[in-house]
Amino acid sequence: MIGGGVVGASVLYHLTKAGWKDVLLIERAELTSGSTWHAAGGMHTVNGDPNVAKLQQYTIELYKELERISGQSCGMHITGGLMLAGTADRVDWLKMAQARGRYLGMDLQIISAAEAKNLHPLLDERKFLGAILDPIEGHVDPYGVTHAYAKAAQIGGAEIVRHTRVVDTKPRADGSWDVITAQGNVHAEHVVNAGGLWAREVGRFVGLELPVLAMEHQYLITEDLPELKGQKELLHVIDFEGEIYMRQERGGILLGTYERAGAPWSARTTPWDFGQDLLPQDLERIAPSLEVAFEHFPRLATAGIRRVINGPFTFAPDGNPLLGPIAGLRNYWVACGVMAGFSQGGGVGLSLAQWIVEGDPGADIWAMDVARYGDWTTPAYTNAKVRENYSRRFRIRFPNEELPAARPLRMTAIHDRLVGENAVMGEYCGLEHALWFAPKGTPAIEHVTFRRSNAHTAVAADCRAVRDGVGLLEISNYGKFEVSGAGSAAWLASIMAGRVPNIGRISLTPMLNERGRLIGDFTLCRLAEDYFFVVGTYAAEVYYRRWFERYPPPATVSVRACAMQYNGLSLAGPAARELLQPLVDLDLSTKTFPFMSFTGTSVGLVPALLGRVSFTGDLGYEIWVTSEYQTALYDLLVEAGRAHGLKVIGGRALNSMRLEKSFGTWAREFRPIYGPYEAGLSRFIDLARENFVGRAAALEEKAHGGQRRLITLDVQAHDADAIGDEPIWQRGKVVGWVTSGGYGHSVGKSLALGYVNREVAAQIEGFEVELIGERRPALRLLEPAFDPRGLRMRV
């Protein structure tokens, strides 16, 4: 373990808890040096990602265990907390947060501003519309927590070496590591980079540029307030409109802010001699936030300032930790960018320790997995996105909101043509893509909201164009791999749970881990005996590469990631064949080129890979070309499409149409907490084959049925549709959660996909989906809302 902050100490403890004794933590100075020692120590359970929220719950519950084992006080103050709302949108956000808490076992209450005033006398209730009360919130002593982890780890057999700087790490051929220090070398089976402020520098020892950046963060502590003397400790507070947090610190108030004009610290390198140091205070920079704080909490305006703390904390571009093994570096792990260390440190340590010991983190931690980032996260990109994220930490991220920093970065060849068609663009893994198309002559802007936006009518037009005629969609934002060479089919059969297709055919297959959980959802396209074009989720490309390293192919097989080398366009709708047929030399009739066929051909002058498949549920074709041909292909299809009423469509329409077909998608319906039988993918699991990864666990799930079932609900919504993570009720009890939702424009229904307990999955009536605090009746659909027999795809 490299780094003795709260994260490194937590991983160390959890390794010993898992039974490992030969574990060593090396710290260049003293424990807590870096960011840990000057942290405010706040802790809370609420998080936008339910899986992260579970780990935060675990962290807070862990502190009593640490105190019992170590004898070291963690300085726990469970005061409860208030999240204050000053706008109607924020009240909606609170309602949605409370709803998520229902299936997580969280006791969150929405209270009035007057009730909040009774709980926290310093606030001015006229500035707020309401609040959430969370009883499991408060703060801890950073020194005490870190040393409790350390002492508990040492009791479990761990060793800690202080005042020893790691100067290099060198891999050996067998996957072990030499850790070079100023006081001597250590030979280790595994290395964990928990370097905190120095995580970048430690990563650079092995040629790794981690996407983390330190930001200056300030909080102040007031002089004692006489009215607090002898009173019960005040609740922790987050004031979203003021962009501040506060709690009681002895007889005064600790007040911190995530100001909009945030300042990066040591953007390129962190000095090795930076220790338990603070940065010069800069109250001018946080003055706008303080002014709001003084309006919302008037007593603070006259309180003296006892101390100002300005210290650096590290952030990843999205504000979540970087956790897990590094692709291409065997037995090298990272645990860094954990800015909320006292809410998340325990969960981070637990997950990484289980990953190291058991080969699996034991939970769905995709939101924290380092593999979510790729080579587009350059230092400049990281700088721009971290500054944006820091400035927005207490601001709402609406479900339809696209953030502007570091954009545009990556664009396909037809980007300007799509913009010329009035596309509203989104960003995915740094790549620009069309979300929907605003009517000509109107601004290409979407109004952010939790409800149906100004995109609703335009997306409906896109869906009608596909269902009634033909639409053209760019599909370049998928991940792609070329798998080639003798033995390719056998290797794919060993790691995929579904059938490997014959030459000229396509198959859909899940990929499972050893526990039989869903870790991938692939389209296998077989062009030749030893050549496969494999399509998956682009955001998970590094995740997949890492998995392929775990189950490597034989030397005769090449696996090449080629997401940006191949761009794609999809034609879909009943007129798709009629449009495409004159442009190709092969017969596209169903008799000769049926559903799930695949071939190499030319489309006009353009060499292409052509598959008969579509995520819309309609007759459709996916056309893949190397990037230099995409513009010619696009222009050809648009010109040929004029006679057929072709409309260029965006990703929002695709999402609407896939919901109408009850098609799940990776990261929503298919995640590592679900099994294939729970997800309704039994027809894609080829149990007749022996020895694919996860087969034994899949057999077991099939036998006992799993815990949940994925269902489709027709929701009686009004002006807001499900988006994901809403609770599903059944006759007055929460029985599951929504994974994704939206409006099915072709069928005129508000639809939601979600998992419910197996015991209630057979019910049809009695369901409700909680939308922005309102339980809306829902009917379970026994078949897809659109073309339930799937005839239009196969016609």
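Located above this text is the structure these notes cover.
Keep in mind that what you see is a predicted model, and the values were worked out from it rather than measured.

Criteria and thresholds
- Residues numbered from 1 in each chain as written.
- Predicted model: local features only at pLDDT ≥ 70, side-chain atom pairs only at ≥ 80, totals over all residues.
- Heavy atoms only, no water.
- Helix = DSSP H or I, 4+ residues; strand = E, 2+ residues; numbered from the N terminus.
- Rg over C-alpha atoms; globule rule 2.2 N^0.38 Å.
- Buried < 20%, exposed > 50% of the residue type's maximum accessible area, 1.4 Å probe, protein only.
- Areas by Shrake-Rupley, 256 points an atom, 1.4 Å probe, with all protein chains shown as cover.
- Lys, Arg positive; Asp, Glu negative; His and termini not counted.
- Charge placed at Lys NZ, Arg CZ, Asp CG, Glu CD.
- Pairing = 2+ DSSP bridges.
- Axes fitted to C-alpha atoms, helices over the stretch in contact; angles between N-to-C directions.
- Phe/Tyr/Trp six-rings, centres within 6.5 Å; stacked < 30°, edge-to-face > 60°.
- Lys NZ or Arg CZ within 6 Å of the ring centre and 35° of its normal.
- Expected span 1.5 Å × (residues − 1).
- Bend = angle between axes of the 7 residues up to and from the residue.
- Contact = heavy atoms within 4.5 Å.
- Parallel < 35°, antiparallel > 145°, perpendicular 65-115°, else oblique.
- Left-handed = near helix turned anticlockwise from the far one by under 90°.
- Nonpolar A, V, L, I, M, F, W, Y, C, P; charged D, E, K, R; others polar.
- Salt bridge = Lys/Arg side-chain N within 4 Å of Asp/Glu carboxyl O.
- Patch = residues over 30% accessible without salt bridge, like charges linked within 9 Å, V, L, I, M, F, W, Y side chains within 5 Å.
- Disulfide = S-S within 2.5 Å.

What about the overall build of the protein?
If you tally the helices and strands in the protein, you get 18 helices and 39 strands. Taking 28 Å as the expected radius of gyration for a compact globule of 795 residues, we find that the protein reaches 27 Å, a close match to that expectation. Each principal axis of the C-alpha distribution contributes one length, and for the protein these read about 85 × 65 × 50 Å. The buried share of the protein, taken over its 795 residues, is 62%. Carbon and sulfur atoms make up 51% of the accessible area of the protein, which amounts to about 30100 Å² in all. Seen as two clouds, the 82 positive and the 90 negative side-chain charges of the protein have centres 3 Å apart.

Remarks on the sheet that holds strand β20 (residues 332-336)
Spatially, the three strands line up as an open sheet ordered β12-β20-β19, and their pairing is mixed. Strands at the two margins of the open sheet, each flanked by one partner only, are β12 (191-193) and β19 (322-325). Mean inter-strand twist for the sheet, computed between neighbouring axes without regard to direction, equals 20 degrees. Sheet analysis places β12 next to β20, joined by three bridges and oriented parallel. Across the sheet, Asn193 pairs through a bridge with Val334, a residue of β20.

Describing the packing of aromatic side chains
Within this structure, the stated rule accounts for 30 aromatic pairs. Ring plane angle 90 degrees and centroid distance 6.0 Å describe the contact between Phe240 and Phe394, whose orientation is recorded as edge-to-face. Of this pair, Phe240 sits in the loop between β14 (236-239) and β15 (244-249) while Phe394 sits in the loop between α9 (379-391) and α10 (415-420), placing them 154 residues apart in sequence. Both residues of the pair, Phe240 and Phe394, count as buried. Seen from their ring centres, Tyr258 and Phe394 are 5.3 Å apart, and the 80 degrees between their planes marks the pair as edge-to-face. Taken together, the positions of Tyr258 in the loop between β16 (252-257) and β17 (264-265) and Phe394 in the loop between α9 and α10 put the pair 136 residues apart, joining distant regions of the chain. As far as burial versus exposure is concerned, Tyr258 and Phe394 are alike and both buried. By way of ring pairs, the aromatic residues Trp93, Phe240, Tyr245, Tyr258, Phe315, Tyr390 and Phe394 are connected into one cluster. Stacked on the ring of Trp198, the Lys or Arg Arg28 has its end atom at 3.8 Å from the ring centre.

Describing helix α7 (residues 283-296)
Residues spaced three or four apart along an α-helix point in a common direction, a consequence of the helix completing one turn every 3.6 residues. End to end, α7 covers 18 Å across 14 residues, agreeing with the expected 20 Å (1.5 Å per residue, within 8%). If you look at α7, its biggest bend is around 40 degrees, right at Ser289. Buried within α7 we find Arg285, Ile286, Ala287, Ser289, Leu290, Ala293 and His296. Next to the buried residues of α7 lie β13 (213-222), β14, β15, β16 and β18 (305-315).

Observations concerning the packing of helix α2 (residues 50-70) against helix α5 (residues 142-155)
Their axes nearest at 9 Å, the elements α2 and α5 cross at an angle of 55 degrees. Classed by the angle they form, the pair α2 and α5 counts as oblique. When the axes of α2 and α5 are compared, the crossing they make is left-handed. Taking contact as the criterion, the partners of Leu62, Tyr63, Leu66, Ile69 and Ser70 in α2 are, on α5, Val145, Ala148, Tyr149, Lys151, Ala152 and Ile155. Residue composition of the contact of α2 with α5, by class: nine nonpolar, one polar and one charged.

Observations regarding the pattern of salt bridges
Within the structure shown, the criterion is met by 45 salt bridges. Linking Glu243 and Arg260 is a salt bridge whose minimum nitrogen-to-oxygen distance equals 3.0 Å. Here Arg260 lies in the loop between β16 and β17 and Glu243 lies in the loop between β14 and β15, a separation of 17 residues in the sequence. For Glu243, a relative accessible area of 6% translates into the label buried. When its relative accessible area of 53% is taken as the criterion, Arg260 is described as exposed. Ionic pairing is found between Glu768 and Arg775, a salt bridge with its closest N-O pair at 3.0 Å.

Some details on the sheet that holds strand β9 (residues 166-171)
Taking strand neighbours across the sheet as the criterion, the three strands line up as β9-β10-β11 in an open arrangement whose pairing is antiparallel. Edge positions in the sheet fall to β9 and β11 (184-188), since each has one partner strand and no second. When strand polarity is set aside, the average angle formed by the axes of neighbouring strands in this sheet is 20 degrees.

So, a nonpolar patch on the surface
A cluster of nonpolar residues, Ile764, Leu779 and Leu782, forms a patch on the protein surface that exposes about 260 Å² of accessible area. Within the secondary structure, Leu782 is located in the loop between β39 (774-781) and α18 (791-794).

Here's the deal with the state of the cysteines
Going through the model one piece at a time under the given rule, you end up with zero disulfides. No disulfide involves Cys429; its nearest neighbouring cysteine sulfur is the one of Cys562, lying 15 Å away. Unpaired in this structure, Cys525 has its nearest cysteine sulfur neighbour in Cys562, at a distance of 11 Å.

Overview of unusual backbone geometry
Of note, the amide linkage connecting Arg407 to Pro408 takes the cis form, showing an omega dihedral of -10 degrees. Within the fold, Pro408 resides in the loop between α9 and α10. Phi is positive for Thr32, which is not a glycine, with a value near 80 degrees. By the secondary structure assignment, Thr32 is in the loop between β1 (24-26) and β2 (42-43). At Asp725, a residue that is not glycine, the phi angle is positive and equals roughly 80 degrees. Here Asp725 lies in the loop between β34 (708-715) and β35 (727-730). Judged by its relative accessible area of 21%, Asp725 is partly exposed.

A look at the environment of Val292
Here Val292 shows up in helix α7. For the pair Val292 and Phe548, spaced 256 residues apart in the sequence, the C-alpha separation amounts to 52 Å. Here Val292 is in contact with Glu241 and Gly242, once residues within four sequence places are set aside.

Remarks on the packing of helix α1 (residues 6-17) against α2
It is the contact of α1 with α2, at a shortest axis distance of 13 Å, that shows an interaxial angle of 70 degrees. Here α1 lies roughly perpendicular to α2, going by the angle between them. Residue-level inspection shows Tyr13, His14 and Lys17 of α1 in contact with α2, the latter providing Tyr58, Leu62, Glu65, Leu66 and Ile69.

Examining α5
Over its 14 residues, α5 runs 20 Å from end to end, which matches the ideal 20 Å to within 8%, given 1.5 Å per residue. Counting buried residues along α5, ten of its 14 residues qualify, which places the element largely inside the surrounding structure. Among the structural elements, α1, α2, β8 (159-161) and α8 (341-358) are those in contact with the buried residues of α5. Note on α5: the residue one or two positions beyond its end, Gly157, has a positive phi of about 115 degrees.

Notes on the pairing of β20
Looking along a regular strand, one sees side chains alternate from face to face of the sheet. A large share of β20 lies buried, amounting to five of its five residues. Residues Tyr332, Val334 and Cys336 line one face of β20 and the alternating positions Trp333 and Ala335 line the opposite face, and both faces are buried. Here four bridges tie β19 to β20, and the two strands are oriented antiparallel to one another. Bridging across to β20, Gly324 finds its partner in Val334. Hairpin geometry of β19 and β20 is characterised by an intervening segment of six residues between the two adjacent antiparallel strands and by a positive phi of about 90 degrees at Gly328.

Read these as geometric descriptors, not functional statements.
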